[in-house]
Amino acid sequence: MLKYICILAIMHLVDFYYVMDVVAFICCLFTYRKLDRNFKSLLPLLSFLLVYDFVNIFGWMNIYHSNAWCNNIEDILLFAFFTRFIQAFDDRPEKKKQVYIGAGIVIVLSILDIFFLQGGFWKRATAATVVQNLYLIWMICNYYYRLLNTDTDENIELITYPPFLALTGIFFYYLTTTFYYSCFSYMVYRNNYHFYLIAAALLNITTFALNFLLSLAFICSFRKNSLSS
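All values derive from a computational prediction rather than experimental measurement.

Quick notes on the rules
- Residues numbered from 1 in each chain as written.
- Predicted model: local features only at pLDDT ≥ 70, side-chain atom pairs only at ≥ 80, totals over all residues.
- Heavy atoms only, no water.
- Phe/Tyr/Trp six-rings, centres within 6.5 Å; stacked < 30°, edge-to-face > 60°.
- Buried < 20%, exposed > 50% of the residue type's maximum accessible area, 1.4 Å probe, protein only.
- Lys NZ or Arg CZ within 6 Å of the ring centre and 35° of its normal.
- Helix = DSSP H or I, 4+ residues; strand = E, 2+ residues; numbered from the N terminus.
- Contact = heavy atoms within 4.5 Å.
- Salt bridge = Lys/Arg side-chain N within 4 Å of Asp/Glu carboxyl O.
- Expected span 1.5 Å × (residues − 1).
- Axes fitted to C-alpha atoms, helices over the stretch in contact; angles between N-to-C directions.
- Parallel < 35°, antiparallel > 145°, perpendicular 65-115°, else oblique.
- Left-handed = near helix turned anticlockwise from the far one by under 90°.
- Nonpolar A, V, L, I, M, F, W, Y, C, P; charged D, E, K, R; others polar.

Right, let's talk about the packing of aromatic side chains for a bit. Under the criterion given, the structure shown has 20 aromatic pairs. Aromatic side chains Phe81 and Phe82 sit 5.6 Å apart centroid to centroid with 75° between the ring planes, which places their arrangement in the edge-to-face category. Given a relative accessible area of 16%, Phe81 falls into the buried group. Classification of Phe82 by relative accessible area gives buried; the value is 5%. Above the ring of Tyr32, the side-chain terminus of Lys40 is found at 5.3 Å from the ring centroid.

Glancing now at the environment of Ile140. Its location among the elements puts Ile140 in helix α6 (residues 126-149). Sequence separation between Ile140 and Gln87 is 53 residues, and the spatial gap between their C-alpha atoms is 9.1 Å. Non-local contacts of Ile140, meaning those with residues more than four positions away in its chain, are made with Ile86, Leu167, Ile170 and Phe171.

What follows concerns the pattern of salt bridges. Applying the stated rule across the entire model yields three salt bridges. Arg124 is the salt-bridge partner of Asp75, the closest N and O atoms lying 2.7 Å from each other. On the criterion of sequence distance, the pair formed by Asp75 in helix α4 (residues 68-87) and Arg124 in the loop between α5 (93-117) and α6 is long-range, its members being 49 residues apart. Comparing Asp75 with Arg124, the two get one shared label, buried. Salt bridges here are not isolated pairs; linked through shared partners, they connect Asp90, Arg92 and Arg146.

Attention shifts here to helix α3 (residues 42-57). With 16 residues, α3 extends 22 Å from end C-alpha to end C-alpha; this agrees with the ideal 22 Å at 1.5 Å per step. Among all positions in α3, only Leu42, Leu43, Leu45, Leu46, Leu49, Leu50, Tyr52, Asp53, Val55 and Asn56 are buried. One or two steps after α3, the chain reaches Gly59, where phi turns positive at roughly 70°.

On to the packing of α5 against α6. Two numbers describe how α5 lies on α6: the axes approach to 8 Å, and their chain directions differ by 165°. Classified by the angle their axes make, α5 and α6 are roughly antiparallel. With respect to the hand of their crossing, α5 and α6 are arranged in left-handed fashion. Contact with α5, carried on its side by Gln98, Val99, Gly102, Ala103, Val106, Ser110 and Asp113, involves Thr126, Ala127, Ala128, Val131, Gln132, Tyr135 and Met139 of α6 and no other residues of that element. Taken together, the residues that form the contact of α5 with α6 break down as eight nonpolar, five polar and one charged.

Next up, the structure:
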């Protein structure tokens, strides 16, 4: 009985985080005119994710009873986008080229993993996902370090600072997915049912948190730019 209750709860979590997909998209859409340029770039991404998640809820992308192939592609697209998004908050031009070269190497390694190392195109390339996640986590940690150690006359309240809110949401999302995919192959092939329940719940909660913090970042950015105009 408990097993079916847990499954039902997780199914509702999936619906709940999709609602937050919609909320984040609406917040971005209605605040778009007063958003900073970097935040405006999130609207196409949220539009894509809204369609992508909707299609996957109904399993329309499943081939050979799995949507692993499109998840592999989505991971690379998100990695490329978030690399650019995070890098935009770094004012050091000399670091930009180094970050993009590193990201290019990660993408090449990911493609090699997808096609040659982990069972072919139709299977989940967990190693590629973990490497991508760790690179983005490193970028965000680097941002936190610079934010806390840079002398500035601007009084920054982190709880309402749009870049901090957005990057914190991204940070916790990729931290959770790193844990999930680091254990994925071992636990799934052992048919560890309890791991699946816990991990699925964590992923759904973290995705909700990501969309919530992005929505809050849009609202704070809109408010800040409205007051300054």
